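Observations on the model geometry
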Amino acid sequence: MAGMEIEFKFHVPAQRLKAVEAAMRRGAVVRTRLQARYFDTADQALAAQGIVLRLRKEGRRWVQTAKATGDNALQRLEHNVDLGAAAAGGATPAIDPQRHQGTPVGERLAKALAAGGAALVERQSTDIVRLTRDVRTTGAGAAVVELALDVGKVIAHAGTPDERESPVCELELELKRGDVQGLVALARRWSQQHGLWFSTVSKAERGARLLAKLDVVPAVKAEAPRFAEEKEKPGGRAIQQAVVASCLAQMLPNASEIAAGSTDEEQIHQLRIGIRRLRTALRELAGLDPRTGLFNGAEWEPPLAEAFRALGALRDREQIVKLAQPQLRDAGAPEFDPLAGDDAAAEPPSPGEVVRAPAFQSVLVSLIGFTAATAAQGDVDEAGQPSSALAPLDAGEARRHLRKRLQRLHEQAVRDGRRFESLATEDQHRTRKRLKRLRYLAEFVAPLFADADEEKMPAAERYLKRLRPAQDALGEFNDEAVARALYREATARDARAWFAVGWFSARHAAHAKACRKALGRIGKAPRFWKKKN
């Protein structure tokens, strides 16, 4: 059986398991024991391509499955082959990749194995007890969704002195048929009621981490949106979905790790960048499809803004001090800790608490669902009702709209640059944020304005390169403004902070002038969106 699997997977905190299981049992449930063995090459060629190959005993039957990542956070390519009832004596069937031949996931599997040329070996195993139940949603988002509660463990190096285990406690919601929005509504309800959070860590990935003895995985950084390869340029809805999917591809893995307890600074930093990119996308791309009620800022802006602020509140202050102290020391400043006794830095919420917040998780679930919805799904007005009065912009209209947005931000940056030194502090800060929005929007839509016969460095890359000096200058200017305010606060606790206040104040005018000059150079940058294509 082959197909595209659309599902949400949530981590279930141990203290919530009893309530989740009780909720599952309010309907007809099926209990199954799942014992699986996962295979890969010794150098993990399949894992590197986002492919999973496993044999699983489901009750008394063996099933071989191949999975691979799909186009967005909800989709998975999947093909299952029923191998029949377990043989007497409990012998395990042999793994055979050829069983998936002729399917999309089988093609990816064959390509990955051919490139490496190595033999398959068993990498890890799982022992899971699964409760399943079908739920029907009604109304505009009618759907049939399978709920699966998995409790058990992942095992690496089974039967050896180096055997290690990782617990599994997760709830999966898979769309069997119907509207993706029905799946989204159900996922939101269960996650909110039971304090669950979206997880990107598969059972196969848990096993791989056990094998590699990894406690912390590398942070995921931003990548360019992937627009479908079609003869025609994408229209408004397709652009929105591709860009939001790109933002989520950076945010979700980092958020998943942080929600599970990681305090890795780079993961937190990359999640904040992802949130900033997402806020730009939702604001600047809203006009591409007026039907998309999700782009109404009243829904998404407060939770995203609060998470961004809370994740950076303590980290930013610590980073500013870390950067400022060596410069102040070289300037002869007296030694002291400006954060000592700082009430603003006392007992902030942990990064995990910020990410697990119901409002933040609700926005993630809604946006994930948006990226998977078809053009006919998820079209609602601000009241959440289906809307057909407006249509998304077509490819030509979408690019004209994007040109206007880019041109507007570009002109604002140039205008603010001419008078930067005379702007109020709040307006100087707004200029920096607008420049970031210009940069992110340019990165998002650059492929839509590219020519096949461009020079070695694409026009968009040349434009972005011209923005960097201004970004750097405004970033340094902002850091020093924050530092000056932080040390000014500290003067109420320690008079030694006045040295830093005076030192930063003396540098202020020169740095404002540098920002003005850097912003002025943007006006001469060739705008890639002005090309006639």
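Residues numbered from 1 in each chain as written. Predicted model: local features only at pLDDT ≥ 70, side-chain atom pairs only at ≥ 80, totals over all residues. Heavy atoms only, no water.

From N to C terminus, the protein includes 14 helices and nine strands. The globule rule puts the C-alpha radius of gyration for 533 residues at 24 Å, and the 26 Å found for the protein is close to it. With respect to the principal axes defined by its C-alpha atoms, the protein has extents near 85 × 55 × 50 Å. Across the 533 residues that make up the protein, the buried fraction comes to 50%. Partitioning the contacts of the protein with sequence separation of at least 6, the portion at a separation of at least 24 is 75%. Averaged over its 84 positive side-chain charges, the protein has a centre that lies 3 Å from the centre of its 69 negative ones. (Helix = DSSP H or I, 4+ residues; strand = E, 2+ residues; numbered from the N terminus. Rg over C-alpha atoms; globule rule 2.2 N^0.38 Å. Buried < 20%, exposed > 50% of the residue type's maximum accessible area, 1.4 Å probe, protein only. Contact = heavy atoms within 4.5 Å. Lys, Arg positive; Asp, Glu negative; His and termini not counted. Charge placed at Lys NZ, Arg CZ, Asp CG, Glu CD.)

Next up on the list: the packing of helix α11 (residues 395-418) against helix α14 (residues 497-522). What describes two packed helices is the angle between their axes and the distance between those same axes. Between α11 and α14, the shortest axis-to-axis distance is 8 Å and the interhelical angle comes to 145°. In the packing of α11 onto α14, the handedness of the crossing is left-handed. Counted together, His410, Ala413, Val414, Gly417 and Arg418 of α11 and Arg516, Leu519 and Ile522 of α14 form the full contact between these two elements. Residues that form the contact of α11 with α14 fall into these classes: four nonpolar, two polar and two charged. (Axes fitted to C-alpha atoms, helices over the stretch in contact; angles between N-to-C directions. Left-handed = near helix turned anticlockwise from the far one by under 90°. Nonpolar A, V, L, I, M, F, W, Y, C, P; charged D, E, K, R; others polar.)

On to the side chain of Ser246. With respect to the secondary-structure elements, Ser246 resides in helix α6 (residues 236-259). Not counting residues up to four positions away in its chain, the partners in contact with Ser246 are Glu223, Ala224, Pro225 and Arg277.

Attention shifts here to a positive patch on the surface. A contiguous patch of positive charge on the surface is contributed by Arg466, Lys513, Lys517, Arg521 and Lys524. Looking at the positive patch, the element that brings in the most residues is α14, giving three residues. One can find Arg466 in helix α13 (residues 459-490). Judged by its relative accessible area of 34%, Arg466 is partly exposed. (Patch = residues over 30% accessible without salt bridge, like charges linked within 9 Å, V, L, I, M, F, W, Y side chains within 5 Å. Areas by Shrake-Rupley, 256 points an atom, 1.4 Å probe, with all protein chains shown as cover. Salt bridge = Lys/Arg side-chain N within 4 Å of Asp/Glu carboxyl O.)

As a further point, take α6. A rise of 1.5 Å per residue sets the reference length of α6, with its 24 residues, at 34 Å; its end C-alpha atoms lie 33 Å apart and thus fit the reference within 8%. The largest bend along α6 measures about 30° and falls at Leu248. Most of α6 sits inside the fold, with 20 of its 24 residues counted as buried. Directly after α6, the chain includes Gly261, whose backbone phi takes a positive value near 120°. (Expected span 1.5 Å × (residues − 1). Bend = angle between axes of the 7 residues up to and from the residue.)

This next bit is on the layout of surface pockets. Roughly 1400 Å³ of internal volume is contained in the second largest pocket. Around the second largest pocket sit 38 residues that line it, and Arg276, Phe308, Asp316, Arg432 and Asn478 are the ones nearest its centre. Among the elements of the structure, α7 (265-284), α8 (297-330), α12 (425-445) and α13 are those that each provide at least two residues to the lining of the second largest pocket. Split into classes, the residues belonging to the lining of the second largest pocket amount to twelve nonpolar, eight polar and 18 charged. (1 Å grid on protein atoms, 1.4 Å probe; cavity = no way out; pocket = protein on both sides within 12 Å on 5 of 7 lines; lining within 4 Å. Points joined across faces, edges and corners; volume = space filled by probe spheres on them.)

In this model, Gln44 sits at a positive phi of 60°, which is unusual for a non-glycine residue. With respect to the helices, strands and loops of the structure, Gln44 is situated in the loop between β2 (30-41) and α2 (45-48). On the accessibility criterion, Gln44 (28% relative accessible area) is partly exposed. Unlike most non-glycine residues, Lys213 shows phi in positive territory, near 55°.

So, about the confidence of the model for the protein. Of the residues in the protein, 91% reach a pLDDT of 70 or more, and the chain-wide mean stands at 89. Looking across the protein, the model is least confident in strand β1 (residues 2-11), with a mean pLDDT of 80, and most confident in helix α1 (residues 17-24), with 98. A low-confidence stretch, residues 380-386 stays under pLDDT 50, and its non-local contacts, those more than four residues away or across chains, total 13 contacts. (pLDDT = per-residue confidence, 0-100.)

Here the focus is the pattern of salt bridges. Here the structure, examined in full by the defined rule, presents 30 salt bridges. Note that Asp127 and Arg33 form a salt bridge whose closest N and O atoms lie 2.7 Å from each other. Note that Asp127 is positioned in strand β6 (residues 120-137) and Arg33 in strand β2, a separation of 94 residues in sequence. Notably, a salt bridge pairs Arg209 with Glu205, separated by 2.9 Å at the nearest N-O pair. Linking Arg209 with Glu205, this pair stays in helix α5 (residues 203-212), spanning four residues, or about one helical turn. Here Arg209 falls in the buried class, since its relative accessible area comes to 17%. Salt bridges linked by common partners bring Arg130, Asp150, Glu170, Glu172 and Lys203 together as one network.

Mapping Glu306 onto the fold places it in helix α8. C-alpha of Glu306 to C-alpha of Ala187: the two residues are 119 residues apart in sequence and 22 Å apart in space. A polar contact is formed between the side chain of Glu306 and the side chain of Arg309, at a distance of 2.8 Å. (Polar contact = N/O pair within 3.5 Å; in protein donor to acceptor, adjacent residues only side chain to side chain.)

Moving on: empty space enclosed by the protein. Considering all chains together, one arrives at three cavities of 30 Å³ or more under this definition. Its boundaries defined by the atoms lining it, the largest cavity holds a volume of some 40 Å³. Lining of the largest cavity is provided by Gln325, Leu328, Arg329, Ala333, Pro334, Glu335 and Phe336. In terms of residue class, the lining of the largest cavity is made up of four nonpolar, one polar and two charged.

Moving on, we come to the nonpolar core. Among the nonpolar cores identified, the biggest contains 99 residues, and Phe8, Leu173, Ile275, Leu402, Leu406, Leu435 and Phe528 are the most heavily contacted of them. It is α6 that contributes the most residues to this core, eleven residues altogether. Once you skip the residues sitting within four places of it in the chain, Leu402 turns out to touch Ile239, Leu285, Leu288, Leu441, Val445, Leu448 and Phe449. Counting 16 residues, the second largest nonpolar core, distinct from the first, contains Ala333, Ala500, Trp503 and Phe504. (Core = buried A, V, L, I, M, F, W, Y, C linked by side-chain atoms within 4.5 Å.)

Now for the side chain of His100. Turning to its location among the elements, His100 is positioned in the loop between β5 (75-85) and α3 (104-116). Since its relative accessible area comes to 0%, His100 is described here as buried. Separated by 2.9 Å, the side chains of His100 and His79 make a polar contact. The contacts of His100, once residues within four sequence positions are left out, are Leu53, Gln64, Thr65, Ala66, His79, Val81, Gly106 and Leu109.

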